Amino acid sequence: GELIRALVRQVDFHPVSSDPVAVSLQRCPPNTTVKLRVPLLVIGQDAAPGLKRQGYLYPVKPYVTCVVDSDEVPPYIEHDISTMNIGQSIRIRDLVFPDSVKALLGQFNDPNETLYKMIKL
């Protein structure tokens, strides 16, 4: 059969077990531009002072809406939290985007929008 490239658009999870129950896909032809949600991958948890002080990294909106070339879809946007303390947040303006990604600031994303908060438990 023919190989067709696709993007995962939505995953529905079971409300009790959290197991995936349905996946929605979208065809993704080569050399096109697509708008999608790119998840945020946090690194540096081992060194984060907020986590060492009984903090919890609360996900408010752990993704950013971006426009990318269909041939260069990143699996995630990486952000280091190794210096993050309780009371601090990760905002869209704090992220460093790869050259292939354009965050839709002002259209779908507010640069001041909070993605994660470090809270005290």
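Data block above holds the structure.
Scope of this entry: the structure provided in the associated data block. (Residues numbered from 1 in each chain as written. Predicted model: local features only at pLDDT ≥ 70, side-chain atom pairs only at ≥ 80, totals over all residues. Heavy atoms only, no water.)

Considerations on the nonpolar core
Looking at soluble globular proteins, one finds that nonpolar side chains tend to be buried together. One finds Leu40 and Ile90 to be the most contacted residues of the largest nonpolar core, which totals 22 residues. Where this core is concerned, the elements lending two or more residues are strand E3 (33-43), strand E5 (63-69) and strand E9 (114-120). Here this core takes five residues from E3, the largest share from any one element. When sequence neighbours within four positions are dropped, the list of residues in contact with Ile90 reads Leu40, Val42, His79, Ile81, Met84, Leu95, Glu113, Thr114, Leu115 and Tyr116. (Core = buried A, V, L, I, M, F, W, Y, C linked by side-chain atoms within 4.5 Å. Buried < 20%, exposed > 50% of the residue type's maximum accessible area, 1.4 Å probe, protein only. Helix = DSSP H or I, 4+ residues; strand = E, 2+ residues; numbered from the N terminus. Contact = heavy atoms within 4.5 Å.)

Some points on a nonpolar patch on the surface
Among the surface-exposed residues, Val8, Val11, Phe13, Val23 and Leu25 lie close enough to one another that they form a single nonpolar patch of about 480 Å² accessible area. Mapped onto the nonpolar patch, the elements with two or more residues apiece are strand E1 (6-13) and strand E2 (20-27). Counting residues per element, the nonpolar patch draws most heavily on E1, at three residues. Relative to the helices and strands, Leu25 is located in strand E2. Classification of Leu25 by relative accessible area gives exposed; the value is 61%. (Patch = residues over 30% accessible without salt bridge, like charges linked within 9 Å, V, L, I, M, F, W, Y side chains within 5 Å. Areas by Shrake-Rupley, 256 points an atom, 1.4 Å probe, with all protein chains shown as cover. Salt bridge = Lys/Arg side-chain N within 4 Å of Asp/Glu carboxyl O.)

Some words on the sheet that holds E5
Here we have four strands laid out as an open sheet, ordered E6-E3-E5-E8, and mixed in their pairing. The sheet terminates laterally at strand E6 (77-80) and strand E8 (101-103), the two strands that pair on one side only. The mean angle between the axes of side-by-side strands here comes to 40 degrees, regardless of whether they run parallel or antiparallel. Of the pairings in the sheet, the one linking E5 to E8 comprises three bridges and is antiparallel in character. (Pairing = 2+ DSSP bridges. Axes fitted to C-alpha atoms, helices over the stretch in contact; angles between N-to-C directions.)

A word on the sheet that holds strand E7 (residues 89-91)
The strand order across the open sheet built from three strands is E4-E9-E7, with neighbouring strands paired in antiparallel fashion. Looking along the sheet, the strands with just one partner apiece sit at the ends: strand E4 (55-59) and E7. Taking each pair of neighbouring strands and ignoring which way they run, the sheet shows an average axis angle of 15 degrees. Inspection of the sheet shows E4 paired to E9 by five bridges, in the antiparallel sense. Each residue of the ladder has a partner; that of Tyr58, found in E9, is Lys117.

Some remarks on the environment of Val21
Along the polypeptide, Val21 turns up in strand E2. Between the C-alpha atom of Val21 and that of Val11, which follows or precedes it by ten residues, the distance is 7.6 Å. Apart from the residues within four sequence positions on either side, Val21 is in contact with Asp12, Phe13 and His14.

Some thoughts on the layout of surface pockets
In this model, the largest pocket occupies a volume close to 410 Å³. Lining the largest pocket are 15 residues, and of these Val8, Arg9, Gln10, Leu36 and Arg37 lie nearest its centre. Elements that contribute at least two residues to the lining of the largest pocket include exactly E1 and E3. Broken down by element, the residue count for the lining of the largest pocket peaks at six residues, all from E1. Of the residues assigned to the lining of the largest pocket, the class counts are eleven nonpolar, one polar and three charged. (1 Å grid on protein atoms, 1.4 Å probe; cavity = no way out; pocket = protein on both sides within 12 Å on 5 of 7 lines; lining within 4 Å. Points joined across faces, edges and corners; volume = space filled by probe spheres on them. Nonpolar A, V, L, I, M, F, W, Y, C, P; charged D, E, K, R; others polar.)

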